[in-house]
Amino acid sequence: MRFGIVLRATGGERPLADLVAQARAAEDAGFDLLWVEEDRGAGDGAAGAAAGTGLPDALAVASALAPHTTSVRVGACCRAGTLHPAYLAEQAAVVDLVLGGRLVLGLRPAPGAEALLGDVADLVALGHASVPFRRQGGPWPMPAGLDGNRFGVTEEVAVTPDPVQLELPVWLAGPSAAVTEVASTRALGIVADDAEDAAGLARRWQAVEQALGPAALRLRRVARRAVPVGAGGAFDLDGLRDRLHQDQRAWRMDTVLLDAPPGAGADAVADLVAAVARRVRPRLAMAELPPGLVEHWEATGHGAGPRPQVPA
Amino acid sequence: MSLDIGVGLWTMQSTVSAPSSMPALYRRFVDDARRVEELGYHSMWMAEHRFWYDGWCPAPFTAAAAAAAVTERLRFGTGMLLLPQQDPLRLAETVATVDRLAGGRLDVGVGLGHRDAEFDGLGIRRASRGARMDEALDVLQAAWSGRPWSHDGTHFHYADQPPLPAPAQQPGPPLWIGGMADAALQRGMDRGLSFLLPQTLYPHEVAALAERIRAGWQAAGVAPGRIGILKDAWIGEDGDEAREWFLARTAVHYREEAGSWWVLKGRATGFEEPELLDRQLRRIVETPLVGDPDRLHADLQELADAGADLVVLRFNFDVTAERSMQAMSLFSRTVLPAFTGATP
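Caption draft 1: Looking closely at the interface of chain B and chain A. Across the boundary between the two partners, chain B contributes 49 residues, which contact 56 residues of chain A. The largest contributions to the chain B side of the interface with chain A come from Arg90, Leu101 and Asp120 of chain B, which together make up 17% of the buried area. Here chain B and chain A share five salt bridges between them. Of the charged contacts in the structure, one is a salt bridge between glutamate 90 of chain A and arginine 50 of chain B, with a shortest N-O distance of 2.8 Å. Where chain B touches chain A, the interface holds 24 residue pairs in polar contact (both at pLDDT 80 or more). Counting residues per element, the ones that place at least two in the side of chain B that touches chain A are helix 1 (22–38), helix 2 (60–68), helix 3 (88–101), helix 4 (116–121) and strand 12 (268–269) of chain B. A per-element tally of the side of chain B that touches chain A places helix 3 of chain B first, with eight residues.

Now the structure itself:
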């Protein structure tokens, strides 16, 4: 199973240092992915599970993390349906270039714009294909062929620059039926929210498998999972491990995006990712571990020790 | 009068004249930002275009986030960002994000844009660009106000918007208007915005415009902005050699850009009107600041005397990139201290 961390910023007016500290701690602990959602502040109907950085442009945050990390992938989850997809395709390509090919683009349908998710995904894919294209109909014809636009206007348009990655990962986020439908017809990964339980996700993925057949094997199965907090304010790593194990068994979740409690702070996140690297991840990497191995880890102090605390 | 000196323009183009690895261009941009800050410059400027073979960066502030993340003092600006081609709410969000990450170091230079193909690719009529510019400026200022806001215009509609997370600079990063057409001047003067004048002006033209702009701010009863100018520039210990090296290269750069993009006399693009193209390019090779350190010092003093308080020196082109840091380094040792008061 791959592990990611949802980044939040508690740095007030200077959020960069806070985000960089979390990003470096996760990379050092061997995490595979950083995940950034757009945060438009209070009153944004789309925020829901997304709030966290106090910053409304996730792709710009991903760009800022690039020079402070070397290998970890960075997921930037953007609202889809309220913005011309050409801007998303352009901005994502620029960030993938800045990151040297480490971007994962998330698309979360904006409230009321679920019906446009397929058009967004298609235009982003066309824009990243490195071939001029023509797409008529739908809300965003490209090129539009408008009266008065004469010079240099051609029958097809090429979105530039190209991303570094030959196939930029595009994952659809959220619980809506539109996400399942578009993922099933475009073969795109899905990021489930924390509120979606294992049984529901098993049904969801069954629908995707029925639609795609063996092509579904290529898709990443991702979920955000809140890290539980036990008595005394310690992260409940056993509870987390049990839930991830259940997800793994029920719907073959292959990537988890851990969500620390709001306000946890960079130090607590650093403690959390270090503890997960020793006490959660190894125990989910194989179907079963040989008898005595966990006891050996605990005896050597590597697989046990004090549980990191959530700051009061 | 004090003079801030920035450098430009980073565009991340891999052209036929200077092919490059695109990821390497972005890595170099971040490295250059560190070096430009060390050299003592005020600011680093980028520019926007889209749908073009060389991959010209269409999202300059997104790229600037990476450079801002490794610098402390250097400001980042656009000369220009094509505001009528943008979704202004999305731009407001991007600028707010990067300005917060940078601790308040953005300058937002905006121009109209001119390529029909860029507008058409985005489903926008080029003829609407002036009206879109006005509305987009309204949207930016409302979105950065920290209050709930709405906008119901001809081109943009945003109903009952919650306050956006605010940029670090209040009431928003400085806005700079590009261009010198009457409408552009009026727009900036009425709103009390700053100006970033185009690179082909002679000092006496800068002086006349600066006088007009200052009078316009006063007439509009607004707080005055700043007056900047973009200038193509090159420096060498041997001024003649510098001139020969630089002008030969920028002639290639501008002939490609003007020949492909500029619509001359409303008739055709440059390559289809070679005589008009030659006439246009003549002014471009006459107006850069090129020479030895003494010459550049004198040229800059002339611009300061004409009323400019910011000059963005464009050392960095696709065709000069291999040596642009050398030139910026020489300039910072020999000319910059006279304008910043720093010890060389």
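Caption draft 2: Structural view of empty space enclosed by the protein. Under the defined criterion, the tally for this structure stands at four cavities of 30 Å³ or more. Within this model, the largest cavity holds a volume of roughly 180 Å³. Taken together, 16 residues form the lining of the largest cavity, with Gln91 of chain A together with Pro58, Ala59, Gln86 and Thr94 of chain B sitting closest to its centre. Of all the elements in the fold, those that place two or more residues in the lining of the largest cavity are helix 3 (85–98) of chain A together with helix 2 and helix 3 of chain B. Taken together, the residues of the lining of the largest cavity sort by class into eight nonpolar, four polar and four charged. Considered as a void within the structure, the second largest cavity measures approximately 80 Å³ in volume.

Caption draft 3: Representation of the pairing of strand 1 (residues 4–10) of chain B within the structure. All names here are of chain B. With respect to burial, strand 1 is a largely interior element, six of its seven residues being buried. Two strands pair when backbone bridges link them, and strand 1 and strand 14 (residues 310–314) are joined in this way by five bridges, in the parallel orientation. Its bridge partner lying in strand 14, glycine 6 is registered against valine 312. In this sheet, strand 2 (residues 43–46) lies alongside strand 1 in parallel orientation, the contact comprising two bridges. From the neighbouring strand, tryptophan 10 faces strand 2, where its bridge partner is methionine 46. As for the winding sense of the linkage, the β-α-β connection from strand 1 through helix 1 to strand 2 is right-handed.

Caption draft 4: Here's a closer look at a negative patch on the surface. A surface patch of like charges, here negative, comprises Asp238, Asp240, Glu241 and Glu244 of chain B. Residue placement: aspartate 238 of chain B occurs in the loop between strand 10 (227–235) and helix 8 (239–261).

Caption draft 5: Up close: the nonpolar core. In this structure, Phe3, Ile5 and Leu65 of chain A together with Tyr41, Leu300, Phe315 and Phe331 of chain B are the most contacted members of the largest nonpolar core, which totals 197 residues. Ranked by residues supplied to this core, first place goes to helix 3 of chain A with nine residues. Those residues within four positions of phenylalanine 331 of chain B in sequence are excluded, and the remaining contacts are Ile5, Tyr41, Ile235, Leu296, Leu300, Leu313, Phe315 and Leu336 of chain B. Counting 12 residues, the second-largest nonpolar core is a separate cluster that includes Trp45, Trp261, Leu310 and Val312 of chain B.

Caption draft 6: Just the confidence of the model for chain A, in detail. Residues with a pLDDT of 70 or more make up 94% of chain A, whose mean pLDDT is 93. Throughout residues 45–50 of chain A the model reports pLDDT below 50, and contacts reaching past four residues in sequence, or to other chains, amount to six contacts.

Caption draft 7: Quick peek at the packing of helix 3 of chain A against helix 4 (residues 117–127) of chain A. Residues and elements named next belong to chain A. The N-to-C vectors of helix 3 and helix 4 enclose an angle of 45 degrees; their axes lie 9 Å apart at closest approach. Taken together, the axes of helix 3 and helix 4 are oblique relative to one another. Our pair here, helix 3 against helix 4, has a crossing hand that is right-handed. Residue-level contacts link Pro85, Leu88 and Ala89 of helix 3 to Val120, Leu123 and Val124 of helix 4. Of the residues that constitute the contact of helix 3 with helix 4, the class distribution is six nonpolar, no polar and no charged.

Definitions and limits used
- Residues numbered from 1 in each chain as written.
- Chains lettered and ligands numbered in written order.
- Predicted model: local features only at pLDDT ≥ 70, side-chain atom pairs only at ≥ 80, totals over all residues.
- Heavy atoms only, no water.
- Contact = heavy atoms within 4.5 Å.
- Buried area = accessible area lost by both parts, 1.4 Å probe.
- Salt bridge = Lys/Arg side-chain N within 4 Å of Asp/Glu carboxyl O.
- Polar contact = N/O pair within 3.5 Å; in protein donor to acceptor, adjacent residues only side chain to side chain.
- Helix = DSSP H or I, 4+ residues; strand = E, 2+ residues; numbered from the N terminus.
- 1 Å grid on protein atoms, 1.4 Å probe; cavity = no way out; pocket = protein on both sides within 12 Å on 5 of 7 lines; lining within 4 Å.
- Points joined across faces, edges and corners; volume = space filled by probe spheres on them.
- Nonpolar A, V, L, I, M, F, W, Y, C, P; charged D, E, K, R; others polar.
- Buried < 20%, exposed > 50% of the residue type's maximum accessible area, 1.4 Å probe, protein only.
- Pairing = 2+ DSSP bridges.
- Right-handed = clockwise from strand over helix to strand, strands pointing away.
- Patch = residues over 30% accessible without salt bridge, like charges linked within 9 Å, V, L, I, M, F, W, Y side chains within 5 Å.
- Areas by Shrake-Rupley, 256 points an atom, 1.4 Å probe, with all protein chains shown as cover.
- Lys, Arg positive; Asp, Glu negative; His and termini not counted.
- Charge placed at Lys NZ, Arg CZ, Asp CG, Glu CD.
- Core = buried A, V, L, I, M, F, W, Y, C linked by side-chain atoms within 4.5 Å.
- pLDDT = per-residue confidence, 0-100.
- Axes fitted to C-alpha atoms, helices over the stretch in contact; angles between N-to-C directions.
- Parallel < 35°, antiparallel > 145°, perpendicular 65-115°, else oblique.
- Left-handed = near helix turned anticlockwise from the far one by under 90°.

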